[in-house]
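# Topology and contacts: notes
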Amino acid sequence: MAGLRGSITESKVNLMDNRQITEALHKIYHDEGQRIVFWHDPEREFESVVSTLELPNITTLNLHEEAALAVKIRLEREDPAGKYLLYAPSEEPDNENDWLLDIRLYSRSFRADRASIILDELGLGEQQSLRQHLAERRKFFESKERLQKLQQLVAATDNKLDLDRKMMAVITKADQPELFSLIRTIFHAYTEQQGEEIELENEPASWEQMAKFELTAVFWQMVRTSFGYEDETPTLKKFLIRLFMTDFAQHLKAKFPAALQNLVLPVGVRQNAPVCLGQWRDSRSLSSSYDLLSELVFRLTHLNDQLHKYELHDLCNVMSFAEIEKTIASELRKLVQTTAATINVDEVRTIATRRQNGHWASLNVAGSADIPRQEYHAIYNALVQAAEFYALRNQYQRGFHFADARTMYQAYENELYRFDQRYRRFCEEADKAEIWNILKPLRDDIEAVYTNWYLPKIALSWGAFVNPHGSSALLNNWQIDKVPNQYHFFERHVKARLDEAENRKAYVIISDAFRYEAAQELTDELNGKYRFEAGLSSQLGVLPSYTVLGMSSLLPHEMLAYKSNGDVLVDGKPNATLEQRDEILQTVGGMACKADDLIKKKKEEGKAFVSGKRVVYVYHNVVDAIGDTSSTEEKTFAAVRNAISELTTLTTYIINSLGGNHILITADHGFLFTESPPGEPEKSKLEERPAGTVKAKKRYLIGLNLPDHEAVWHGTTAVTAEATGEMEFWIPKGANRFHFVGGARFIHGGAMLQEIVVPVVTVRHVKGKAVKDTKTSTVTVQVLGNNYKITTARHRFELLQMEPVSERVKPLTLKIAIYEGNEAVTNIETITFDSVSETMDERKKSLTLILRESLYNKKATYHLILQDAGIGGGEYQNIPIIIDRAFNDDF
């Protein structure tokens, strides 16, 4: 049986050899176009095989059976076009004894040993010196699949090291057959096979395969050459730790801890570590393993014990570990707090943007799901908003002093609204960034400034104009020069539009409690859309600033009137329900609908729905629905964000699907909101409701024949809303409340600017030649200089943002690196160009790229490539670079 088994095995080998030999010879004759092939077989292994080969139209001659002269005559005279295989079961003769030397020189040699066949299959037949090397790697070639994958990588000029490197790429499934890619892929395999509990001593299966094929020694040789890592017993664990610690050391702007110095790679080639890890962080397919392994290395080295030694600016460029983010965010928060009175917003924004573009806080990194990148990103957004809030506060440190009501009202329209906007944005971002509780001390400070400084001071200044006994006495004459009143909305904005022509149509979106500062953000959003043009103005809201009166004043009417029970009539008709408002609008060829109902309709269905109507009132309720309920009022600012988004979508739908050309977005009133609940001092000193009270709420009460009271402002709706019926009102002074029933942090009804500066956003669908002016673009970025030559391991580039960011000129985020072909030879840096400054010098940014240690050809051209970092972004700019490094730096 043993003999039979051996015969079967030998037969299979011969079949394999026959097939491989036939395929190899076929390639030589047909693909390479050779006519004559010499085959020397000194071991006589294939002497019996030669006659069995199926080689159509090819004549086989055994040189030991044919006279050399006869062969020469046959090949050159008798059959000069025929194809021949000249087989000799011996070594190739010396030149002086070779009768066929002249033929051999223009012909092709062939060997049929396994290594030679593989050499031919790899396209390396001309490099016979590699035969022995391939023979030593015979285990690798036992798999046809591995051979086929290697074939796709091999180049005709490859040497032994090149082949080994490409074999490693096949084994590890690396993206590129180069060392840095191999390193990333090998380490990534740890996380693929071990999951969350990673043990660096348990080497991945691909590493075991490399050991099986005797490639690990070559790997460590390449690592020693490129990184300077030497060890009597090198391990992946020790090498990984040194990579991370060297990356940390290279980006640290301070002295590296002496206790960890032995973990840093030697000078001369250590710059390869930050380049390698920078590319690893940038890899969309492998960055998740970077996240997990960096955390492991951070714990193994006890680096957390060292971080307290460093200042904020020492760490700003370090991306090695996620824990660095916590330190930087904490230190930046301290900087904002300690320098609040002299805050440098640009400094805070520069650091925040740098971190948001980095690995841990970027929203574009496809890393581990365990890293809360959105929260990190939000922390920095909150810090920038806090800095801008303090900077605005510093402008008005002495309070708010204005000559008259009109001047102060305009100041709120133009700038003071930013206090409320920045406070909202800070709170909104802080809500997303509860990790580590980093923002809590700053949140307390911002809250104190907003509630104890801003609101009281602006209330005091504005209250002086509202006071019926003051010089302005707005409560006695609810008019501000050149500011339209809310109850003139239809006549001023809607009727004026309809009167332009018979075919004019107007859409009115009324968003309950959508205040002015949010409308400003919405306007910016709409102006960033193609074919949209939005403008923001305001109107003086009715008083009390509550829904029933505000909604009534926006409808077409000749007269508003109060019933004795507090209901408001529009030209004698009730308007509390959607159906009642629709009936009123029908008198002017209009209709009323809910935003939720309209947006659900498909294009043709929506067109049919509004067909024949000249005025369409769309009622939207997000902010008030959330804020005016005690169980949900804490989500007020999230509701504002949703309202901005929904109003953008609704406006786009009306223009693009319904063919709307003119849209008005307004509100019934604004609101006040604070993160902290009010204290006792913010409660108006009102013991009980006065006689005649009809309705009483947190921020107002209405009634008949109300008395005066020192704690309130007493007015009439006849003055503030031109409403008949002798209805009077009380509102608390400033930002006070009467009582805290039904929630206490979200309020409206009073006379604060946040409540009565009612926005009017006018959106126009642009057509014709003016369309080109609505196109949006990103800022243009130029690399400064014109002689791009690199002579050192680090090179600093200066970049200029050519124009400021505006509504229609958007920020641009670029990934930047130097490439040789498709391979980065530097770290990959990400920079966002988002400056709004009109000053060119303030729009300059710099970055430093680190060259990997390698031999560079100063006559070759490398490329500085700027790539749009957005989803689907392509190459933005490609600049030829010369690298001329005469010597290695002590990096």
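Notes on the structure in this doc start here. Computed from a predicted model, the values in this text were never measured in an experiment.

What counts as what
- Residues numbered from 1 in each chain as written.
- Predicted model: local features only at pLDDT ≥ 70, side-chain atom pairs only at ≥ 80, totals over all residues.
- Heavy atoms only, no water.
- Helix = DSSP H or I, 4+ residues; strand = E, 2+ residues; numbered from the N terminus.
- Rg over C-alpha atoms; globule rule 2.2 N^0.38 Å.
- Buried < 20%, exposed > 50% of the residue type's maximum accessible area, 1.4 Å probe, protein only.
- Contact = heavy atoms within 4.5 Å.
- Lys, Arg positive; Asp, Glu negative; His and termini not counted.
- Charge placed at Lys NZ, Arg CZ, Asp CG, Glu CD.
- Expected span 1.5 Å × (residues − 1).
- Polar contact = N/O pair within 3.5 Å; in protein donor to acceptor, adjacent residues only side chain to side chain.
- Pairing = 2+ DSSP bridges.
- Axes fitted to C-alpha atoms, helices over the stretch in contact; angles between N-to-C directions.
- Right-handed = clockwise from strand over helix to strand, strands pointing away.
- Salt bridge = Lys/Arg side-chain N within 4 Å of Asp/Glu carboxyl O.

Another point: the overall build of the protein chain. Counting its secondary structure elements, the protein chain contains 29 helices and 31 strands. Radius of gyration (C-alpha) of the protein chain: 40 Å, far over the 29 Å computed for a compact globule of 891 residues. Considered along the principal axes of its C-alpha atoms, the protein chain spans approximately 135 × 70 × 65 Å. Per-residue burial over the protein chain gives 54% buried out of 891 residues. Considering only contacts in the protein chain between residues 6 or more positions apart, those separated by 24 or more positions represent 70%. With 106 positive and 125 negative side-chain charges, the protein chain shows a spacing of 3 Å between the two charge centroids.

Turning next to helix α7 (residues 160-172). For α7, built from 13 residues, the straight-helix expectation of 18 Å at 1.5 Å per residue is met to within 8% by its first-to-last C-alpha distance of 18 Å. Of all 13 residues that make up α7, 11 are buried, and the element is covered over most of its length. Residues of α7 that are buried: Asp162, Leu163, Asp164, Arg165, Lys166, Met167, Met168, Ala169, Val170, Ile171 and Thr172. Structurally, the start of α7 carries an N-cap: the backbone nitrogen of Leu161 is 3.1 Å from a side-chain oxygen of Asn159. Backbone geometry just after α7 places Lys173 at a positive phi near 65°.

The subject of this paragraph is the sheet that holds strand β5 (residues 506-511). The strands that make up a sheet are held in pairs by hydrogen bonds between backbone atoms, and each pair lies either parallel or antiparallel. On the basis of which strands lie adjacent, the open sheet formed by 6 strands has the order β6-β20-β12-β5-β11-β10 and mixed pairing. Of all the strands in the sheet, just β6 (532-540) and β10 (590-594) have a single pairing partner and so form its edges. Shown here is a sheet whose adjacent strand axes are inclined to one another by a mean of 20°, direction ignored. In the packing of helix α21 (residues 516-527) onto the sheet, contacts are made with β6, β12 (662-666) and β20 (757-765), and the angle to β6 comes to roughly 165°.

Here we take up the pairing of strand β2 (residues 58-62). Bridging between β2 and strand β3 (residues 83-88) involves 5 bridges; their strand directions are parallel. Within β3, the position partnered with Leu61 by the bridge is Leu86. For the segment spanning β2, helix α2 (residues 68-78) and β3, crossover handedness is right-handed.

Moving on, we get to the pattern of salt bridges. Scanning all chains against the criterion turns up 49 salt bridges. With a closest N to O distance of 3.8 Å, Glu178 and Arg184 form a salt bridge. Classification of Arg184 by relative accessible area gives buried; the value is 11%. As a salt-bridge pair, Glu428 and Arg641 come within 2.6 Å of each other at their nearest N and O atoms. Taken together, the residues span a long stretch of sequence, with Glu428 in helix α18 (residues 405-432) and Arg641 in helix α27 (residues 636-656) at a distance of 213 residues.

The next point concerns the side chain of Glu728. With respect to the element layout, Glu728 can be found in strand β18 (residues 728-732). The side chain of Glu728 sits in the buried core without any salt bridge; Arg689 is the nearest counter-charge, 16 Å away. For Glu728, the side chain forms a polar contact with the main-chain nitrogen of Leu706, separated by 2.9 Å. Discounting chain neighbours no more than four positions away, the residues touching Glu728 are Leu701, Ile702, Gly703, Asn705, Leu706, His714, Gly715 and Thr716.

The values reported here are purely geometric and, on their own, carry no functional implication.
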